[in-house]
Amino acid sequence: FPGPNIVKMSILGLKKKQPKTFKVKVITMDAEMEFSCEVKWKGKDLFDLVCRTVGLRETWFFGLRYTIKDTYAWLKQEKRVLEQEVPKDSPITFHFLAKFFPEKVEEELVQEITQHLFFLQVKKQILDEEIFCSPEASVLLASYAVQAKYGDYDPNFHKPGFLAQDELLPKRVLMQYQMTADMWEEKITAWYAEHRGIASLNRDEAEMEYLKIAQDLEMYGVSYFAITQNKRDTDLLLGVDAQGLHIYSPNSKLSPNKSFPWSGIRNISYSEKEFTIKPLDKKKDVFKFYSSQLRVNKLILQLCIGNHDLFMRRRKVDSIEVQQMKAQAKEEKARKKMERQILAREKQMREEAERAKEEMERRLFQLQDEARLANEALLRSEETADLLAEKAQIAEEEAKLLAHKAAEAEQERQRLEVTAMKTKEEKRLMEQKMREAEQLAVKLVEQSERRLKEADHLKQDLTEAKDAERRAKQKLLEITKTTYPLIAAYSTPPAPLAAPEAPDLPYDSGRLDFKDSDMKRLSMEIERERLEYMEKSKHLQDQLKELKTEIESLKLEEQQQQAGLYSLRGDTRGYVQEPVYIPHSNRNSAYMSQMAFFEEV
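Procedures and definitions
For every chain, the first residue of the written sequence is number 1, and numbering continues from 1 onward in sequence order. A pLDDT threshold of at least 70 governs which residues receive local features in this predicted model, and a stricter bar of 80 or more applies before side-chain atom pairs are shown or counted, although totals over entire chains, interfaces and linings include all residues. Working from all heavy atoms in the structure, the side-chain values ignore hydrogens and water. Only DSSP runs of H or I covering at least 4 residues are called helices, and only runs of E covering at least 2 are called strands; the numbering of each starts at the N terminus. For each residue, the accessible area found with a 1.4 Å probe, counting protein chains only, is set against the maximum for its type, and the residue is called buried under 20%, exposed over 50%, and partly exposed in between. Pairs of residues are marked as contacts when any of their non-hydrogen atoms sit within 4.5 Å. Per-residue and other accessible areas were derived by the Shrake-Rupley procedure at a 1.4 Å probe size, with only the shown protein chains allowed to occlude residues. Working rule for helices: expected span equals 1.5 Å times residues minus one. To pair, rings of Phe, Tyr and Trp, with the six-membered ring standing in for Trp, must have centres within 6.5 Å; the planes then decide the type, stacked if under 30 degrees apart, edge-to-face if over 60, and tilted in the middle. Only strands joined by at least two bridges in the DSSP assignment are considered to pair. Lines fitted to C-alpha atoms define the axes here, with helix axes fitted over just the stretch in contact, and angles between the N-to-C directions of these axes take values from 0 to 180 degrees. Scored from 0 to 100, pLDDT reflects the predictor's confidence in each residue. For this document, the term salt bridge refers to a Lys or Arg side-chain nitrogen within 4 Å of an Asp or Glu carboxyl oxygen.

(A) Representation of the overall build of the protein chain. Summing up its helical and strand segments, the protein chain has 12 helices and 12 strands in all. Burial statistics for the protein chain: of 601 residues in total, 31% are counted as buried. A sequence separation of at least 24 residues applies to 62% of the contacts in the protein chain between residues at least 6 apart. When the accessible surface of the protein chain is summed, it comes to about 40700 Å², and 54% of that surface belongs to carbon and sulfur atoms.

Here it is, written out as C-alpha cells:
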C-alpha cells in the first residue's frame, strides 16, 4: 500500500486537474457576450453579471433561458449553474430574454434599455408569428420600427428602396396579399412620413409607441402549454400571462374559453402531473388540469409564481429602488428632452443658416447672371448701334436711289398716260371700224339672203324649163314614131321633113331654140353671179381677219402697258402710283362671235 504522502500528492493532483471556471455565451436581442464563470457560481451570479454588463436595473422582468431536450427552461438563480440541467457544451449558451411582461408598458418600463430589449423581443415574436397581428396593425408597427431605426422621415435621404434589406412584416401578411416588396415599402413609408407630421419621435419614444400598440394584441406576453382537463379529455391549451391563467381550444389561441385572473385565484398547486387552481370564491369549483411532462410542469409553476408576484407588486407602493429609478428616468427624460429641444433649435438654426446661405448663394449667382447678361446686352447694344448706323447709311443710299427711281417712275407714268390716251383714241377708231364692218356684214348678209332667194327662183325657173323641154321632146318623139311607118311602106327615100304647121305642134322648133338659148344664158348669168358672190365673201373674210388681227395686237399692247405700269409701281418701293384705267368694250365677245359667223358664211 502506498504511504500517506503519496496518497496526499495524488489527491492534490486530482484537484489541480479539475477546472475552476467554465465558459458561457449569452445572447441578447442585439448582442452576444462571452463570460468566464467560476464553478461555484449560482444562477444569480451569472444573471447579475449579464445585467451589469447590459446596464439593466429592472431585472425582475428577465431571465436566462436555455434549451434542453426540445423544450426550454429558465436558469434558476438559487442553484449553481452546473448543477442544473444546462447543456454540457462549451461554451454553454443562454438567451437573455424577458420572462415576464408588464401590464402597462408605459408605466412599468422605466429604463430605456428595458424598453429597447422588450421592443426587440416583441418585434421578433411578431415577425416569427408567435404573436398574431393583423395586416393593418403590422404595417403601423413596421412604420414605428422604421422610425426607431432611421429617425425622422427625410424625403431627400429616404429614397425608394431604403427598406429593401429590413424585415418588417410577417411572412403570413406578405403571402396574404398579392403585393410586391415595393408596394409594401410604399405603404410603410406613407405611415412613416405621417409620424413626422404628428410629432417628431426619437428612438425611445418610437419604441414605446410600438410596445403600446403591441400590448393590446391577444397573444402578447402569453406563454402556451399543452394540457388536458383529465386523463381522457380532449387536449387543451393553458396560457399564462400578466393577467392570469387562460384555457384555450387547441386551434384558437386568440379567444380563451375560460380565464382565471390573478385577483380571483387563492392557490395554485400541483402534484406530479396534476394542477389544481383554487378560486378565491369558495363557492366556485376547483379547476384541475394535467400536463404530461414534469419539466413543463415546473416551468408552468415558475411562470405562475413569478407573474403572480409581479401582479401583487404592481398593486403596492413602489420600493425605494424603483422610486429612485423612476426619478432618475424622469430626470434623464427631461434632460434628454431638453437636449433634443436644444438640438432641434440648433438644427433649425443650422437649417435656417443653410437656407440663408443657399439663398445668398442663389442671389449671388442670380446677380452674376444678371451682370453677365447686362454685359452681353451692352455688347449686343454696341454691336446693334454699329449695325444701325450702317443700316442708316444704307437706308439713306436706298432713299436716294428710290427718289431717283420715283422720278423715273413719274416720267414713265406720264409717258404711259400719253400712250393710254393714244390707245384710247386708237381703240375708239377701231370700235368705229368694227361698227362699220358690222354694218357692212349685215348688209352683206342681207344681200346674200336676197341672192339666195333669187338663185332659188332661178333654180325653180330652170327646173320648169327643163320640164317643158322634156315634154316637148316627148311630143316630138311621138310624132316621129307616127310618120315612120308611112316612109317604110313606099320604100322611097325619106324627104326632108317640112316644118309642121304651127297649130298642129304644141311647140315649134323656134320655140325650142329659144328655150335652149335662154337656159344657157341663165346658167351663165347664175355662174357669174356666184363667182361675184364668192369674191365678195372672200374679200369680206379678209377684212374681218385683218380687223381681228389689229384688235389682238391692240389688246396685247394694252396688256404690256399695264404690266409695265404695275412693275413700275412695284419698283418705286413705297411711291405708289394710281393705276391708269383703260376701258374695255363689253362687246368684244359679241364681235368675235359675229366674226366667226361671217367666216363660216
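(B) The arrangement of helix α2 (residues 43-54) in detail. The first and last C-alpha atoms of α2 sit 17 Å apart over 12 residues, in line with the 16 Å expected at 1.5 Å per residue. For α2, every residue scored as buried is listed here: G43, L46, F47, L49, V50 and C51. Looking at the buried side of α2, the elements it contacts are β1 (21-27), β2 (32-38), β3 (62-68) and β5 (92-98). Positive phi appears at G55, one or two residues downstream of α2, with a value of about 90°.

(C) Representation of unusual backbone geometry in the model. Omega for the peptide link from S90 to P91 comes to 0°, which places this bond in the cis form. Relative to the assigned elements, P91 resides in the loop between β4 (71-74) and β5. You will see that E129, though not glycine, has its phi angle at about 65°, which is positive. Using a relative accessible area of 37% as the deciding quantity, one classes E129 as partly exposed.

(D) The arrangement of the packing of aromatic side chains in detail. Taken as a whole and judged by the stated rule, the model has 17 aromatic pairs. Here the aromatic rings of F101 and F118 are separated by 5.6 Å at their centres, their planes lie at 70°, and the arrangement is edge-to-face. Of this pair, F101 sits in the loop between β5 and α3 (105-108) while F118 sits in helix α4 (residues 112-127), placing them 17 residues apart in sequence. Overall, the relative accessible area of 8% leaves F101 in the buried class. Ring geometry for F101 and Y220: centres 5.3 Å apart, planes at 75°, overall edge-to-face. Residue F101 is found in the loop between β5 and α3, and its partner Y220 is found in the loop between α8 (203-214) and β6 (223-228); the two are separated by 119 residues along the sequence.

(E) Summary view of the sheet that holds β5. As summarised here, the arrangement of the 5 strands in space is β2-β1-β5-β3-β4, forming an open sheet in which the pairing is mixed. Whereas interior strands pair on both sides, the edge strands pair on one side only; in this sheet they are β2 and β4. Across the sheet, the mean angle from the axis of one strand to that of its neighbour is 35°, orientation sign disregarded. Both β1 and β5 contribute to a ladder of 4 bridges, which runs parallel. From the neighbouring strand, V24 faces β5, where its bridge partner is I92. The sheet contacts of α2 involve β1, β2, β3 and β5, and relative to β2 the element is tilted by about 140°. The strands touched by α4 within the sheet are β3 and β5, with β5 carrying the most contacts at an inclination of about 105°.

(F) The confidence of the model for the protein chain, seen in detail. Mean pLDDT for the protein chain: 80, with 82% of residues reaching 70 or above. Predicted confidence is poor over residues 1-16, with pLDDT under 50, and the contacts of this stretch with residues over four places away or in other chains come to 1 contact. Below pLDDT 50 for its whole length, residues 486-514 participates in 7 contacts with residues either more than four positions away or in separate chains.

(G) How the structure looks around the pattern of salt bridges. Scanning the entire structure with this criterion turns up 26 salt bridges. R372 is paired through a salt bridge with D369; the nearest N and O atoms lie 3.8 Å apart. Of the two residues, R372 and D369 are both situated in helix α10 (residues 320-490); the distance of 3 residues between them amounts to about one turn of the helix. Taking relative accessible area as the criterion, R372 reaches 42% and is therefore assigned partly exposed.

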